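Per-entry structural report
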Amino acid sequence: MDHPVVSIVMGSSSDWQVMRHAASVLKNFCIPHETMIISAHRTPDRMFEYAETAHDRGIRCIIAGAGGAAHLPGMIAAKTTLPVLGVPVTSKHLQGVDSLLSIVQMPKGVPVATFAIGEAGAANAALFAAAILAGGDISLAEKLDQFRKDQAASVAAMTLPESC
Ligand code: RP5
């Protein structure tokens, strides 16, 4: 896998503070990925071209993050049958609840897998992308298993301050 197989797309550079957590997870799993800024309402033509050509460019799934009236994941999903993983970005006035509802409430027929608001959602979307790819990649499946084992070990090793 040399060319990007996961595409991380977001509506604005201001989304990077959240979406960088998806990129970080993919990097840790050595999954080739690309990052780009495409706005559904500010660059609609670019969004359509991106969604229509993603499959032929070798992309296997798309992580799309946006905030506010977050129509980017749904509109991309409307133009491709690739799995679209939606990340609601924390917004200024409604703390991302607007983003969440905009992404999760897709009408029947065009699915967007929707994750938690913010950093956790971005990281989990990347883990989900890894799980999708691991279906056809034993080495990646083993890395995911090891990740879970390491995570369990780190929780098992947690301690609390002594209470009086
Ligand atoms: C959305 O508007 C973006 O996804 C971003 O979350 C939000 C604010 O964008 P900026 O005003 O910071 O560019 O389209």
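The name recorded for the protein in an unreviewed UniProt entry is N5-carboxyaminoimidazole ribonucleotide mutase, from Nitrosomonas europaea. Taken directly from UniProt, the Pathway (unreviewed entry) text for the protein runs: "Purine metabolism; IMP biosynthesis via de novo pathway; 5-amino-1-(5-phospho-D-ribosyl)imidazole-4-carboxylate from 5-amino-1-(5-phospho-D-ribosyl)imidazole (N5-CAIR route): step 2/2."

Here the focus is the nonpolar core. Counting residues in hydrophobic clusters, the biggest one holds 46 residues, and the most contacted among them are Ala22, Ile62, Ile63, Val87, Ala126 and Ala129. Where this core is concerned, the elements lending two or more residues are strand S1 (6-10), helix H1 (16-28), helix H2 (44-53), strand S3 (61-67), helix H3 (72-79), strand S4 (84-89), helix H4 (97-104) and helix H5 (119-134). The greatest single-element share of this core, amounting to seven residues, is contributed by H5. Leave out the neighbours within four places in its chain, and Val87 touches Val18, Met19, Ala22, Ile63, Ala64, Gly65, Phe115, Gly121, Ala122 and Ala125.

Running from N to C, H1 and H5 cross one another at 30°; their axes reach a closest spacing of 7 Å. Our classification of the angle between H1 and H5 gives roughly parallel. For the crossing formed where H1 meets H5, the hand is right-handed. Facing H1, whose interface residues are Val18, Met19, His21, Ala22, Val25 and Leu26, H5 presents Glu119, Ala122, Ala123, Ala125, Ala126, Leu127 and Ala129. Split by residue class, the contact of H1 with H5 holds eleven nonpolar, one polar and one charged.

Calculation rules
Residues numbered from 1 in each chain as written. Predicted model: local features only at pLDDT ≥ 70, side-chain atom pairs only at ≥ 80, totals over all residues. UniProt positions renumbered as here; feature names shortened; annotations may be inferred. Core = buried A, V, L, I, M, F, W, Y, C linked by C-beta atoms within 7 Å. Buried ≥ 20, exposed ≤ 12 C-beta atoms within 10 Å, placed from the backbone. Helix = DSSP H or I, 4+ residues; strand = E, 2+ residues; numbered from the N terminus. Contact = placed C-beta atoms within 7 Å. Axes fitted to C-alpha atoms, helices over the stretch in contact; angles between N-to-C directions. Parallel < 35°, antiparallel > 145°, perpendicular 65-115°, else oblique. Left-handed = near helix turned anticlockwise from the far one by under 90°. Nonpolar A, V, L, I, M, F, W, Y, C, P; charged D, E, K, R; others polar.

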